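# Observations on the three-dimensional arrangement
Below are the chains, spelled out letter by letter.
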Amino acid sequence: MTTDTPDSPDLPAAPPDLLLGSTEDVLGAIPYLLGFHPAESLVVIGLRGRPPRGDVHLTVRWDLPLTGTELDRILPLLRRERIGQVIAVGYGPGPLVTPAADELRARLRGSGIALVDLLRAEDGRYWSYLCARSGCCPPSGTPYDREAGAVAARAVAYGLVALPDRRTLERSLTPVGGPARAAMRRATARIAEELRARLAASGDLDGLAAELVADGTARVREAIGTYAAGGRLDDEQAARLGFDLAVIRTRDEAWTLITDDDHHAHRRLWQDLTRRLERRFVPPAASLLGMAAWHGGDCALAGVALGRAHEIDPGYSMANLLLHALRHLLPPHAFKDRMPTSEELDLQMGTPRTAWLLPMVVLLEEPPADPVGLAG
C-alpha cells in the first residue's frame, strides 16, 4: 500500500513481481509506487520476508523538511504491517535530507526492523548514508537513470504511472471549463427544475424520498457498470447523479460497492464526476474517488481528492473520516472490514423519510453562478 498527503505520509500497492534487487531498482520503482516523481521528500519502503529478499508491501512518503512529529507513527505502522526490512530514500540536498535520515535511523535503531539502505537522491545521483566505501559510493554520488530500467518497464507493463510531480497529479482533478462547464451548468439547472417541481407537487414526501433513494441507488449501480464497460455518463446523467449523491443513503450505496475487484471502474467514474460536477456537488464524488483510489493503493490521488472535498465543505464527514485514516496510516481494509452491505444499510437506516432529502433541497437553492470557464 502507499499513502501521500502534503502534511502526512503516503502508503501504494506494488505489483507482485516488482522485485528490488539493486539500488537502481529501488530508485526506479519509487515514482511508480507513489504515482509521481518525488521531490523534497522522505520515502520509506517496507518489505516483508526474510533478508536478503523481501516483497514490497508498503511505501510511505513525507514532505521535507519534517516539521515536528511526523515520524511518530512509523514504528507502529511497520509493526502493524509485519514489516521486517526497510529501505529509505530522501530526495533533495544534503541539508534538507540528512536531519530526516538521522531521525529515521534513530527510530529504527533497536526496533528489530532491518534498515537495508538509507539513501539521498538529487539531480540523477544518489548517496548512501550506510556506506562509507569510496569504491562503491564516491563522494560525488553515483549516477542513475530516473526514467529507464527494468523495474520501470515492469511497472509500466503492470499499468502503473509516474507523473512528473505531485502538482501534475493535482491537475488531474482540475474542474472542466469552457463549453463543457457551460453544458454541465445547463444540465444541472434542468435537473434542479425537475426536482423542485416534484417536491412541490408531492403530497407524500416520505414516499417521494423512498422513490428518489430507490432510483438513486439504481443509477449508482448503472453508472459503475457504464464505466466498467468503458463508457461515460452524459451531462444530464452526471448532473442527476450529483443530486442523488447528496442523499447519504445513496452515497453510502456507492461506498459499499467499492471493492478491490472493481475499484478501477469506481476511480474512473468518481474522477470524471469530481471534474464535471458543479462545485457544490463535488464533496460526495471526490470522497468516493478518495476511497476508490485508496483501495487501489493510490493514496496520493486519494489525498488530493479528499483534500478537494474538504476544501469545498470543511464539515463533510466522509472526507474528514478518510483524511483522518490516511494521516494515521490506516490501511483501507480497516474500513472494508467494517462497511455494511446494501441490505445491512437498509436495516440500519430504516425506511426513507423526508429528512433524508434535506441535503438535496439545500443544493436546489441556486447559488450565484461562477463565470463559465472557471473552477466548477
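Look up: the structure comes first, before these words.
Note that this is a predicted model, so its numbers are computed, not measured. (Residues numbered from 1 in each chain as written. Predicted model: local features only at pLDDT ≥ 70, side-chain atom pairs only at ≥ 80, totals over all residues. Heavy atoms only, no water.)

## Some thoughts on the overall build of the protein chain
Short version of the rule: By definition, any uninterrupted DSSP run of H or I lasting at least four residues is a helix, any uninterrupted run of E lasting at least two residues is a strand, and each is numbered from the N terminus. Residue exposure (1.4 Å probe, protein chains only): buried if accessible area is under 20% of the type maximum, exposed if over 50%, otherwise partly exposed. Each accessible area is a Shrake-Rupley estimate made with a 1.4 Å probe; only the visible protein chains count as cover when residues are assessed.
Regarding its fold elements, the protein chain presents 16 helices and seven strands. Classification of the 376 residues of the protein chain by burial places 52% in the buried group. By element, 54% of the accessible surface of the protein chain is carried by carbon and sulfur atoms, the whole surface being about 16,700 Å².

## Thoughts on the side chain of threonine 23
What counts is decided by this rule: Residues count as neighbours in contact if any of their non-hydrogen atoms are within 4.5 Å of one another.
Here threonine 23 is to be found in helix α1 (residues 23-34). Apart from the residues lying within four places of it in its own chain, the contact partners of threonine 23 are Asp117, Leu119 and Tyr126.

## A few points about the packing of aromatic side chains
Geometry of an aromatic ring pair is reported as the spacing of the ring centres plus the angle between the planes. What counts is decided by this rule: Each Phe, Tyr or Trp ring (for Trp, its six-membered ring) is paired with any other whose centre lies within 6.5 Å, and the angle between the two planes then decides the class: stacked below 30 degrees, edge-to-face above 60, tilted in between.
Counted according to the given criterion, the structure contains two aromatic pairs. Look at tyrosine 126 and tyrosine 144: their rings are 6.1 Å apart centre to centre, the planes differ by 55°, and that puts the pair in the tilted class. Of this pair, tyrosine 126 sits in strand β6 (residues 125-128) while tyrosine 144 sits in the loop between β7 (142-143) and α4 (150-158), and the two are 18 residues apart along the sequence. Per residue, the accessibility class of tyrosine 126 equals that of tyrosine 144, and both read buried. Between phenylalanine 243 and phenylalanine 281 the ring centres are 4.7 Å apart and the planes differ by 75°, which places this aromatic pair in the edge-to-face class.

## Digging into the environment of valine 213
Considering the arrangement of structural elements, one finds valine 213 in helix α7 (residues 205-228). A relative accessible area of 7% means that valine 213 is categorised as buried. Taking the C-alpha atoms as reference, valine 213 lies 9.8 Å from arginine 353; in sequence the two are 140 residues apart. When residues no more than four places from it in sequence are discounted, the contact partners of valine 213 are Val247, Arg249, Thr250, Pro352 and Trp356.

## A closer look at the environment of alanine 302
One can find alanine 302 in helix α12 (residues 299-312). Each C-alpha atom of the pair alanine 302 and leucine 288 lies 9.2 Å from the other, and the pair is 14 residues apart in sequence. Not counting the four nearest positions on each side in its chain, alanine 302 is found in contact with Gly290, Ala293, Trp294 and Leu326.

## Some thoughts on helix α13 (residues 317-327)
Going by this rule: Picture the helix axis, draw a direction to every C-beta atom, and the arc is the one those directions span.
Turning to α13, its buried residues number three or more, namely Met318, Ala319, Leu322, Leu323, Ala325 and Leu326. Buried positions in α13, seen along its axis, are confined to an arc of 160° and lie on one side of it. After α13 finishes, the residue leucine 329 shows a positive phi value of roughly 60°.

## Description of the pattern of salt bridges
Note the threshold: The term salt bridge refers to a pairing of a side-chain nitrogen on Lys or Arg with a carboxyl oxygen on Asp or Glu at a separation within 4 Å.
Within the structure shown, the criterion is met by 22 salt bridges. For the salt bridge of arginine 190 with glutamate 236, the shortest nitrogen-to-oxygen distance reads 3.6 Å. Placement of the pair is arginine 190 in helix α6 (residues 178-201) and glutamate 236 in helix α8 (residues 235-244), with a sequence separation of 46 residues. Residue class for glutamate 236 comes out partly exposed when judged on its relative accessible area of 33%. As a salt-bridge pair, arginine 279 and glutamate 311 come within 3.8 Å of each other at their nearest N and O atoms.

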